[in-house]
Every structure is written in C-alpha cells, then in structure tokens.
Amino acid sequence: MAILPKTNELGFFEIRLESIGGLGANLAGKMLAEAGVVGSGFNGVSFSSYGSEKKGSPVKAHIRFCDLDVNIRDTTPVERPHIVGIFHENLSKTVNVISGIYKDSMVLVNSAKTPEVLKDKLNMLGGTLAVVDATGIALDENNRVNMAMLGALFRLCDFLDAEHMKGIIRKSLEKKYPQAVEPALRTFDRGYNEVRSQAFGLPEGAAMPLPTRWDIPALGWATQPMGGMITNPGNSILKDLSISRQGMMPHFDDEKCIHCAACDTACPDFCFVWEEQPDKKGRPQMFLQGIDYQYCKGCLKCVVACPTEALVSERETDGYGDANRVPHRFILAN
C-alpha cells in the first residue's frame, strides 16, 4: 500500500494548483484526486475556486489526500500546500502563488527557465523548485498544458501510480475524443520524463513567510486612506493581461502593414497603438505603431483579421513582449 511522505497536523497531504482559465487545472485536480483514491487507496477530495468561468481568469484547484482511517471534514482552500503546481509562470506578477509553502515544499512551474532564475522571480526562500516546459510540450504534441503538468506532478508524487493515471486519461477521452488519447498520453509521458528539480536550503536565520489570504481585498476599514478617498481607483490602464496568454502571441511586421485597422476592429482589449502622421501626399492619416503587449491576452483574433500577414502567430519567447512592446500614451487628467 502507498504511504504519504508527510502530512499536516490534521493528517492531510495537500496540493494546490495555481492556473488561469483554459489551461485545464480544474480537470487536472479532479483526475489527480481520482488517481490517489482509486489507484493508490487514499481518502481524497478535490475542488476548485474561481470567479467568472472564462479564459485567462485566475483559477485555484485544491487537492487533499489522507490515510483511510482519517476523515476529510475540511473543504476550505489549501493555505499550507506540500506541493504547488503553477500552470503559468507569469501568474506571479499578480498572485502570490507560493503563499503558505513549507521550507520543504515542492513548487512545480510551467516554464522554460532554470530553477535558479525562477527562484528569484518567485521570491522563494527555500524548498524544492521543479520546472517543466508544459506549454512547449503541449504545442509540440497538439495537446493541453494540464496533461504535461499532470505528468510532472506524478513524477514528484511518487506515492501515486502513473500507470493508473494513464488508464484514467484513456477512460476520460476515448469515448468522446478517441483521437486525443494518444497525444494526451504522449504529453503526460513527456511531462513525467522532462521535469527537472533543484532543492534550495532555507538561509540561516530566515523563516518561511506566513500564508496570506488571497480573497481579502487590499482596502478595508483598517487599510483605506484617510477619509475613505481612493486616489487610484481600479481601471483597465493598470491591468496586465500577459498572464492570460497561453503560449502564442501576435508578431507585427511594419513593412507588410497597410494600416487598414482590421486588427484594431477585431481586438477586444485595445492593444494596438496608433499615431497620426502625414501620408505620402501630406494628408493626416492614422498609422499603426505596434502592439502594447501589456494588454494582449493572446486571443489571436488580430492575426485572423489581418489581410496582409503583417500579424502572424508565433510561440511566445521569454522577453519578447517587453522588448517589442509599444506602450500606449494615455492622456490623463492631472
């Protein structure tokens, strides 16, 4: 019989998946729990928390395992996870994805970066950091990120049976989507085999930060400005939609652009930056300057709309958005 490597004071081994809508974290949590209960003989529970069900919105999936003689009467969100699976590395820009981890917790990140680079990006003091390029694997195999992440999670959770998980994948897909079974299994295997990890010791004298509640608003009765005046109300100017991109992004070729604005008409988030300039006859016209990638969520509707292939879909590489971003020049009241 499988044995849990560690448990908290209530007897639970807890896993939290940090993701965005569209990457399949909710389904991955359910399949992970089923593999632990049916395949390895544990008690287990899985549930998710999210707002509006749409692509790009933050999603959290929570999984608990315990021995058969322990009852699960706790369905609160996982605040002290033994394992965190981060399905999109840019979530760290807006969400404290490693909140509540122990000094020996494992953090799995969907990224092509090295563990050393990600440790600094996540502000992680100690623990084991595992990395797998789940997006790249999914694009190569024409499958979804969650299958690659599941493979990597099973590599980290040696108390779970990977072969049983393959049976669950097959059972879940073969009736409705038989053509997706083999790509899903290949994606799972590649995630299992290509994950790499590195342990980081906690610096001497340092202590792991306490967990922070993600559902508590920043402004309340004790934290609002004097007089209740909110000087910087929430608006779309402050948003960073780069966490919504799922591996692909539009690239802009100025030489092929005819400035027809078909891309701007199709774009739901006003990503395109225009400037009035004289044309060849000296008449004022609007010319496209580029894309403000802060607001681009990678829907690629602009690529479909472009009649001249001035916009093409390309795999997102690290730093491309920042290096090629043309920022909007908003005129704001003083």
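Here the structure is a predicted model, which means the values were calculated and not measured.

Caption draft 1: Local environment of the packing of helix H1 (residues 25-39) against helix H4 (residues 145-156). Where H1 meets H4, the axes come as close as 10 Å, and the angle between the chain directions of the two elements is 35 degrees. In terms of crossing hand, the pair formed by H1 and H4 is right-handed. Residues Leu27, Ala28, Met31, Leu32 and Ala35 of H1 form the contact with H4, whose participating residues are Asn146, Met147, Leu150, Leu153 and Phe154. Counted by class, the contact of H1 with H4 contains 9 nonpolar, 1 polar and no charged residues.

Caption draft 2: Highlighting the packing of aromatic side chains. Applying the stated rule across the entire model yields 7 aromatic pairs. With a centroid separation of 5.1 Å and 75 degrees between ring planes, the pair formed by Phe13 and Phe159 is classed as edge-to-face. One end of the pair, Phe13, is in strand E1 (residues 13-20); the other, Phe159, is in the loop between H4 and helix H5 (162-173), with 146 residues separating them in the sequence. With a relative accessible area of 2%, Phe13 lands in the buried category. A centroid spacing of 6.2 Å and a plane angle of 45 degrees characterise the contact between Phe42 and Phe65, whose relative ring orientation is tilted. Placement of Phe42 in the loop between H1 and strand E2 (43-50) and of Phe65 in strand E3 (residues 58-66) is noted, with a sequence separation of 23 residues between them. Judged by relative accessible area, which is 0%, Phe65 ranks as buried. Positioned above the aromatic ring of Phe200, the side-chain terminus of Lys119 is 5.5 Å from the ring centre. The lysine or arginine in question, Arg155, covers the ring of Tyr192, its NZ or CZ lying 5.2 Å from the ring centre.

Caption draft 3: Representation of the environment of Glu255 within the structure. By the secondary structure assignment, Glu255 is in the loop between strand E8 (248-252) and helix H7 (262-266). Taking the C-alpha atoms as reference points, Glu255 and Ala310, 55 residues apart in sequence, are found 7.5 Å from one another.

Caption draft 4: Representation of unusual backbone geometry within the structure. Of note, His259 is a non-glycine position whose phi angle comes to about 60 degrees, a positive value. Inspection of the secondary structure puts His259 in the loop between E8 and H7. If you check the backbone angles, Ala261 has positive phi at about 70 degrees while not being a glycine.

Caption draft 5: Region of the structure containing H5. With 12 residues, H5 ought to run about 16 Å at 1.5 Å a step, and its terminal C-alpha atoms sit 17 Å apart, in line with that. Inspection of H5 places Ala162, Met165, Ile168 and Ile169 among the buried residues, and these make up the whole buried set. Seen from one end, H5 has its buried residues packed into an arc of 105 degrees, which puts them on one side. Summarising the geometry of H5, the exposed residues directed more than 90 degrees from the buried face are Glu163 and Lys171. Among the residues of H5, the N-terminal cap falls to Asp161, whose side-chain oxygen and the backbone nitrogen of Glu163 are separated by 3.0 Å.

Caption draft 6: Fine view of the environment of Ile15. The residue Ile15 is located in strand E1 in this model. Looking at Ile15, the relative accessible area reads 0%, which means it is buried. Separated by 209 residues in sequence, Ile15 and Gln224 have C-alpha atoms that sit 34 Å apart. In contact with Ile15, not counting residues within four places along its chain, are Leu32, Ala61, His62, Ile63, Phe65, Val78, Ile83 and Cys157.

Reading guide: rules and limits
Residues numbered from 1 in each chain as written. Predicted model: local features only at pLDDT ≥ 70, side-chain atom pairs only at ≥ 80, totals over all residues. Heavy atoms only, no water. Axes fitted to C-alpha atoms, helices over the stretch in contact; angles between N-to-C directions. Helix = DSSP H or I, 4+ residues; strand = E, 2+ residues; numbered from the N terminus. Left-handed = near helix turned anticlockwise from the far one by under 90°. Contact = heavy atoms within 4.5 Å. Nonpolar A, V, L, I, M, F, W, Y, C, P; charged D, E, K, R; others polar. Phe/Tyr/Trp six-rings, centres within 6.5 Å; stacked < 30°, edge-to-face > 60°. Buried < 20%, exposed > 50% of the residue type's maximum accessible area, 1.4 Å probe, protein only. Lys NZ or Arg CZ within 6 Å of the ring centre and 35° of its normal. Expected span 1.5 Å × (residues − 1). Arc of directions from axis to C-beta. Polar contact = N/O pair within 3.5 Å; in protein donor to acceptor, adjacent residues only side chain to side chain.

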